[in-house]
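Secondary and tertiary structure notes
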Amino acid sequence: MSYSIRKDRGKNQYENLNQDGISFYSNLRRPSILSFLIVSLCFCFLMLSVWNLNRSLPNKERHVFFLNPRQSLLQTTSENFLSFGLDSSLLRNMKEFPIANEYFIKLARHLSPAYVRFGGTSADCLYFNQTSYNYDRQTTNEFDNDISNFTITDEDFVLLYNFALKAKLRMLFDFNVLLRNSNGTWNNSNARKILNFALTNGMNIDWQLGNEPNSFRHVFNVDIPAQQLAKDYLNLRSLLNETGYDDSILIGPEANHIGDTEHKTQNGDKYVKEFLENDENSVNFLSWHQYYLNGREAKVADFLNPEIFNILPNQIKSIQEVINSVKRNISMWLSETGSAFGGGAPDMSNRFVAGFLFLDKLGYSASVGLQVIIRQSFFGGNYAMVGPDRQPNPDWWIGVLYKDFVSNKVLKLQSANNFGTLRLYAHCTAGKSLINKMPAVTIYGMNLNNYPVKILIQGFAASSKSSTFLYTLTADDLQSRTIKMNGEELKLSSNGDLPAFNPVFLKTGDFITLPAHSMAFIVMHGVKMSACSKK
């Protein structure tokens, strides 16, 4: 049954949910010790039943998940959890960069609140209001064709900041770490110029220093040891404090090749460990870069292979072990991440099939406490969220829906197996999607199988008037640039406004069918989770 609802969600049959729903919850008695024991026994019995049901149903076409209504929050991420990057290489030709275009700005605003990171390989070639000096560089990096130095002006910097301001974003800027003194230390004079200019113009910005320093030998034929980079970050932290940016966030060390046993000379884990042992708490968050695939070798099948998806959990575990080994209490950012490095996989990283890895990355990363995920890239390259025609690719739509339906409060969704071809996650519902402030939970994820599956969510407390809105995402072809919601293609209006997101209306507690090769957001209104109601 199809049910259409406008984005304001005000005028529909759920307007009076707050009356019956609130009275339903207010009449619940406080549990006694006996009732608590009974509930616990029922919970154990239910979980055993779920396990047996999952094992007994044929062809794995039905799966049962359990959502404990008494659970505490599993994690709480940043309000800017889903963020995005604009590569520094775009700054090489500001005349062709549509950063001042109102339609382009509006596309970015639909993803706020978020960080916008100006960083990447070219960040370590960038000079501000100063003649750049080219020196002999050798590279074996087959993907970065231009590593020459270049200059941006104060007018360029104002354009970057105004873009962030108009799009309601927080700007994150990557300083050039390859500016060195004769003794090998970082030369901060150009960074000081940027900071003084930004402060004079009242700019609120966060910062980082350098891009993938453990790969400098590979890219620039230059070495900056982790111990030296840690001292450089201390230098920058002191400079921020001195120039009035003491409240700004500083993230680092921006390492890549995490958990990579093939490229031992670029070992990111070792580099991060040595950095943390020497940085004297200069960074607020530990940042690193992550990609699943080589953009020039990736195949469509890779974007559906659970073994590829499970690369990320192993990498996060590897970094967490590093953090534990140095006895640091510091949260992680994925400050640059996408499906495939080298600019992305042509006709894949910017198509429907890339959404599976993107959505799963959001779900898994939030579930283990990463604070920010910066999607590479909003514009430019084969992994762009917005194409060269300034029209959104499928991952842009997935990002918008995530912002609409998913809050930063993470819940635990239990199942016998959630890391195969069916992958689901649970959060408290975002405030903008609540109906008359009634409680709600959002389940989201994907079915990677080439056949439909049915899922059942059990264990929660719901009012008699609870309801479930299903938003299923599909495409006519895995490599399609268009994306459909419940069978209808998603399109922006001519002025860049969002369309109404029209759900399929379901009865809460029934089996839900997820089509083959689909993603879904399932918003269960009237489902009360005690963790979601806490401030």
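1. Description of the overall build of the protein chain
Scanning the protein chain for helices and strands turns up 13 helices and 22 strands. With 535 residues in all, the protein chain has 56% of them scored as buried. In the protein chain, 81% of the contacts between residues at least 6 apart in sequence involve partners at least 24 apart. Per element, the accessible surface of the protein chain, about 22900 Å² overall, is 49% carbon and sulfur.

2. Quick notes on the sheet that holds strand β3 (residues 82–87)
Spatial strand order, β3-β4-β7-β8-β9-β10-β11-β12: 8 strands in a closed barrel with parallel pairing. The sheet shows a mean angle of 30 degrees between the axes of neighbouring strands, taken without regard to direction.

3. Quick notes on the packing of aromatic side chains
On inspection of all chains with the given rule, the structure shows 29 aromatic pairs. When the ring of Phe175 is compared with that of Trp186, the centres are 6.4 Å apart and the planes differ by 45 degrees; the resulting orientation is tilted. Of the two residues, Phe175 sits in strand β7 (residues 170–175) while Trp186 sits in the loop between β7 and α5 (189–200), which places them 11 residues apart along the sequence. Of the two residues examined, Phe175 and Trp186, each falls in the buried class. Ring geometry for Tyr364 versus Phe419: centroids 5.9 Å apart, planes at 75 degrees, classification edge-to-face. Taken together, the residues span a long stretch of sequence, with Tyr364 in helix α11 (residues 354–367) and Phe419 in the loop between β13 (406–411) and β14 (422–429) at a distance of 55 residues. Residue classification places Phe419 among the partly exposed positions, given a relative accessible area of 39%. Feature note: the residues Phe81, Tyr402, Phe405, Tyr425, Tyr444, Tyr471, Phe501 and Phe521 constitute an aromatic cluster, connected by ring pairs. Over the aromatic face of Phe511 sits the side chain of Arg62, whose NZ or CZ is 5.1 Å from the ring centroid. When the ring centre of Phe358 is taken as reference, the NZ or CZ atom of Arg375 above it lies at 5.3 Å.

4. Notes on the pairing of strand β8 (residues 205–209)
Counting buried positions over the 5 residues of β8 gives 5, a clear majority of the element. Along β8, one buried face is formed by Ile205, Trp207 and Leu209 and the opposite face, lined by Asp206 and Gln208, is buried too. Pairing of β7 with β8, which is carried by 5 bridges, proceeds in the parallel orientation. Residue pairing for β8: Leu172 is matched across the bridge by Asp206. In this fold, the crossover linking β7 to β8 by way of α5 has right-handed handedness.

5. Section: the side chain of Arg237
Locating Arg237 in the fold gives a position in helix α7 (residues 226–242). For the buried Arg237, which has no salt bridge, the nearest side chain bearing the opposite charge is Asp246, at an N-O separation of 6.8 Å. Leave out the neighbours within four places in its chain, and Arg237 touches Tyr245, Asp246, Ser248, Leu250, Ser282 and Asn284.

6. Focus on α7
The end-to-end C-alpha distance of α7 is 24 Å, a good match for the 24 Å that 17 residues give at a rise of 1.5 Å each. Where α7 is buried, its residues touch β7, α5, β8, β9 (250–255) and α8 (268–278).

7. Description of the packing of α8 against helix α10 (residues 311–325)
In the contact formed by α8 and α10, the axes pass within 10 Å of each other and the chain directions differ by 30 degrees. It follows from the interaxial angle that α8 and α10 lie roughly parallel. In the crossing of α8 with α10, the sense of the turn from one axis to the other is right-handed. Here Asp269, Val272, Lys273 and Leu276 of α8 lie close against α10, whose contacting residues are Ser318, Ile319, Val322, Ile323 and Ser325. Residues of the contact of α8 with α10, tallied by class, amount to 5 nonpolar, 2 polar and 2 charged.

8. A few points about the nonpolar core
Formed by 130 residues in total, the largest nonpolar core has its most connected members in Phe157, Phe173 and Phe378. Those residues within four positions of Phe173 in sequence are excluded, and the remaining contacts are Phe118, Leu126, Phe157, Leu160, Ile194, Ile205, Asp206, Trp207 and Gln208. One finds Phe65, Leu424, Ile457 and Ala520 within the second-largest nonpolar core, a separate group that totals 24 residues.

9. A short note on the sheet that holds strand β21 (residues 512–514)
Spatially, β1-β16-β21 is the arrangement adopted by the 3 strands of the open sheet, whose pairing is mixed. The sheet terminates laterally at β1 (62–66) and β21, the two strands that pair on one side only. On average, each strand axis in the sheet is tilted by 30 degrees relative to the strand beside it, whichever way the strands run. Summarising the sheet, strand β16 (residues 453–458) and β21 pair through 3 bridges and their orientation is antiparallel.

10. A look at the environment of Leu250
Note on placement: Leu250 falls in strand β9. For Leu250, a relative accessible area of 0% corresponds to the buried category. Spatially, the C-alpha atoms of Leu250 and Ser282 are 7.5 Å apart, while their sequence positions differ by 32 residues. If sequence neighbours within four positions are ignored, Leu250 has contacts with Trp207, Gln208, Tyr233, Leu236, Arg237, Leu240, Ser282, Val283, Asn284 and Phe285.

11. Examining the side chain of Ser367
Tracing the chain through its elements places Ser367 in helix α11. Overall, Ser367 belongs to the buried group, its relative accessible area being 16%. Once residues lying within four places of it in the same chain are set aside, the contact partners of Ser367 are Leu74, Gln75 and Val410.

12. Considering α8
Turning to α8, its buried residues number three or more, namely Gly268, Asp269, Tyr271, Val272, Phe275 and Leu276. Down the axis of α8, the sector holding all buried residues measures 160 degrees, keeping them to one side. Residues of α8 that are buried sit in contact with α7, β9, β10 (285–294) and α10. By the N-cap criterion, in which a side-chain oxygen at the helix start approaches the backbone nitrogen of a residue two or three places on, α8 is capped by Asn267, the distance to Asp269 being 3.0 Å. After α8 finishes, the residue Glu280 shows a positive phi value of roughly 55 degrees.

13. Thoughts on the confidence of the model for the protein chain
For the protein chain, the average pLDDT comes to 89, and 86% of its residues sit at 70 or higher. In this model, residues 1–36 is a region of pLDDT below 50 whose contacts with residues beyond four sequence positions or in other chains number 62 contacts. This stretch, residues 135–144, has a pLDDT under 50; its non-local contacts, to residues over four places away or in other chains, come to 24 contacts.

Rules behind the numbers
- Residues numbered from 1 in each chain as written.
- Predicted model: local features only at pLDDT ≥ 70, side-chain atom pairs only at ≥ 80, totals over all residues.
- Heavy atoms only, no water.
- Helix = DSSP H or I, 4+ residues; strand = E, 2+ residues; numbered from the N terminus.
- Buried < 20%, exposed > 50% of the residue type's maximum accessible area, 1.4 Å probe, protein only.
- Contact = heavy atoms within 4.5 Å.
- Areas by Shrake-Rupley, 256 points an atom, 1.4 Å probe, with all protein chains shown as cover.
- Pairing = 2+ DSSP bridges.
- Axes fitted to C-alpha atoms, helices over the stretch in contact; angles between N-to-C directions.
- Phe/Tyr/Trp six-rings, centres within 6.5 Å; stacked < 30°, edge-to-face > 60°.
- Lys NZ or Arg CZ within 6 Å of the ring centre and 35° of its normal.
- Right-handed = clockwise from strand over helix to strand, strands pointing away.
- Lys, Arg positive; Asp, Glu negative; His and termini not counted.
- Salt bridge = Lys/Arg side-chain N within 4 Å of Asp/Glu carboxyl O.
- Expected span 1.5 Å × (residues − 1).
- Parallel < 35°, antiparallel > 145°, perpendicular 65-115°, else oblique.
- Left-handed = near helix turned anticlockwise from the far one by under 90°.
- Nonpolar A, V, L, I, M, F, W, Y, C, P; charged D, E, K, R; others polar.
- Core = buried A, V, L, I, M, F, W, Y, C linked by side-chain atoms within 4.5 Å.
- Arc of directions from axis to C-beta.
- Polar contact = N/O pair within 3.5 Å; in protein donor to acceptor, adjacent residues only side chain to side chain.
- pLDDT = per-residue confidence, 0-100.

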